[in-house]
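One-letter residues, chain by chain:
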Amino acid sequence: MKRMPFERPTEHYDTRIMDIDEKICELIKQRKDISGNNPGFPPLEQISKWAADFELYEDFLKAIFGSLLSEEHFKPLIEPSGFRQHIPVLQSIEQGEYFYTLTSMRQYSNASVITFNIDWDVTVDDLIRHSYKHHKHFELELGEAYDCRMSDGGSSTGRAAYNYVISPPLPDNISGVELKFKEYIGPFKNKETGTEIVFCVK
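Reading the values: rules and limits
Residues numbered from 1 in each chain as written. Predicted model: local features only at pLDDT ≥ 70, side-chain atom pairs only at ≥ 80, totals over all residues. Heavy atoms only, no water. Helix = DSSP H or I, 4+ residues; strand = E, 2+ residues; numbered from the N terminus. Contact = heavy atoms within 4.5 Å. Areas by Shrake-Rupley, 256 points an atom, 1.4 Å probe, with all protein chains shown as cover. 1 Å grid on protein atoms, 1.4 Å probe; cavity = no way out; pocket = protein on both sides within 12 Å on 5 of 7 lines; lining within 4 Å. Points joined across faces, edges and corners; volume = space filled by probe spheres on them. Buried < 20%, exposed > 50% of the residue type's maximum accessible area, 1.4 Å probe, protein only. Pairing = 2+ DSSP bridges. Axes fitted to C-alpha atoms, helices over the stretch in contact; angles between N-to-C directions. pLDDT = per-residue confidence, 0-100. Phe/Tyr/Trp six-rings, centres within 6.5 Å; stacked < 30°, edge-to-face > 60°. Core = buried A, V, L, I, M, F, W, Y, C linked by side-chain atoms within 4.5 Å.

## Quick word on the overall build of the chain
Secondary structure assignment for the chain yields three helices and eight strands. N-terminal to C-terminal, the α/β element order of the chain is α-α-α-β-β-β-β-β-β-β-β. Taking as baseline every contact in the chain between residues at least 6 positions apart, the subset at least 24 positions apart corresponds to 57%. Accessible area of the chain: about 13700 Å², with a carbon and sulfur share of 56%.

What follows is the structure in structure tokens.
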């Protein structure tokens with residue numbers, strides 16, 4: 001999702017701790033390398049112990065380790081610019097109770113944008129089952145050559161739509177390209193539901 005520009009929260013900085021901060025950065029790099037940038041989250045019991053041992057607040061440590069789940073979540077975002085054209089895709093997949101559709105791709109000079117639509121039949125009995133809190137999160141996967149992120153989206157009764165920014169841009173002719181949408185409980189890729197929607201563009 002789009003991020004707000006970061007502003008330095010204060011002009012104050014105690015330069016006596018600069019060497020310590022540099023060491024923290026070095027340790028974060030070492031942690032990232034050892035874990036393959038997939039460290040997980042420490043057991044809560046261990047966080048409680050560290051909080052007691054080092055006289056820190058538990059919630060403070062939880063926030064730190066939450067931010068350290070993966071550096072990929074902080075990768076600079078490409079904002080599409082230089083619109084060129086719409087390219088029709090017109091493919092759909094029905095799986096279970098849901099109807100998934102890709103209608104078109106928007107081509108920009110620096111990125112492509114795909115809209116992923118989800119439709120389902122809603123009856124009075126289904127309103128609670130399909131309420132907002134039950135919506136899952138889909139990640140688009142195109143292989144290591146492409147960076148994919150969901151930029152925005154929304155849902156209403158019986159329908160959801162999400163936009164994905166792909167960089168570098170896909171070729172104008174995407175015949176043979178496989179677009180895989182993998183479902184997760186949340187946006188941190190740590191709880192797969194097992195649902196995969198795969199479009200093989202013809």
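Additional details are given in the paragraphs that follow.
## Here we look at the layout of surface pockets
Quantified by volume, the second largest pocket comes out at close to 500 Å³. The wall of the second largest pocket is formed by 14 residues, among which Ile24, Leu27, Ile28, Ile64 and Leu68 lie closest to the centre.

## Here's the deal with the side chain of Gln91
As for its placement among the helices and strands, Gln91 is situated in strand E1 (residues 83–95). By relative accessible area, which is 18% here, Gln91 ends up buried. Not counting chain neighbours up to four residues away, the residues in contact with Gln91 comprise Tyr100, Thr101, Leu102, Phe199, Cys200, Val201 and Lys202.

## Focus on the sheet that holds strand E4 (residues 137–141)
Ordered in space as E4-E7-E8, the three strands form an open sheet in which the pairing is antiparallel. Pairing within the sheet leaves two strands with one partner each, and these edge strands are E4 and strand E8 (192–200). Strand-to-strand, the axes of this sheet are offset by a mean angle of 25 degrees, without reference to chain direction. Pairing analysis gives five bridges linking E4 to strand E7 (residues 178–184), with the strands arranged antiparallel. Along E7, the bridge assignment pairs Glu141 with Lys180.

## Describing the sheet that holds strand E3 (residues 112–120)
Strands sit in the order E1-E2-E3-E6-E5 across an open sheet of five strands; the sheet is antiparallel. Sheet topology places E1 and strand E5 (147–156) at the edges, where each strand pairs with a single neighbour. On average, each strand axis in the sheet is tilted by 15 degrees relative to the strand beside it, whichever way the strands run. Judged from the eight bridges that link them, E3 and strand E6 (residues 159–167) form a sheet pairing that is antiparallel. Looking across to E6, one finds that Phe116 is bridged to Tyr162.

## With respect to the confidence of the model for the chain
Mean pLDDT for the chain: 86, with 89% of residues reaching 70 or above. Within the chain, the lowest mean pLDDT, 82, falls on E5, and the highest, 97, falls on helix H2 (residues 44–54).

## Describing the packing of aromatic side chains
One pass over the full model with this rule turns up twelve aromatic pairs. A centroid spacing of 5.8 Å and a plane angle of 70 degrees characterise the contact between Tyr98 and Trp120, whose relative ring orientation is edge-to-face. Remark: Trp120 occurs in strand E3 and Tyr98 occurs in strand E2 (residues 98–108); sequence separation between them is 22 residues. With 6.5 Å between their ring centres and 65 degrees between their planes, Phe116 and Tyr164 make a pair best called edge-to-face. In this pair, Phe116 sits in strand E3 while Tyr164 sits in strand E6, placing the two residues 48 residues apart along the sequence. Tyr164 carries the same exposure label as Phe116, and that label is buried. Among the aromatic residues, ring-to-ring pairing joins Tyr98, Tyr100, Phe116, Trp120, Phe138, Tyr164, Phe181 and Phe199 into one connected group.

## As for the pairing of E6
Across the nine residues that make up E6, a large majority, seven, are buried. Sheet analysis places E5 next to E6, joined by nine bridges and oriented antiparallel. The residue bridging Gly154 from the neighbouring strand is Ala161, located in E6. Between E5 and the antiparallel strand that follows it, E6, lie two residues; Gly158 among them carries a positive phi value of about 85 degrees.

## Some points on the nonpolar core
Judged by nonpolar contacts, the single largest core of 27 residues is most densely connected at Phe116, Leu179, Phe181 and Phe199. Elements that contribute at least two residues to this core include exactly E1, E2, E3, E4, E5, E6, E7 and E8.

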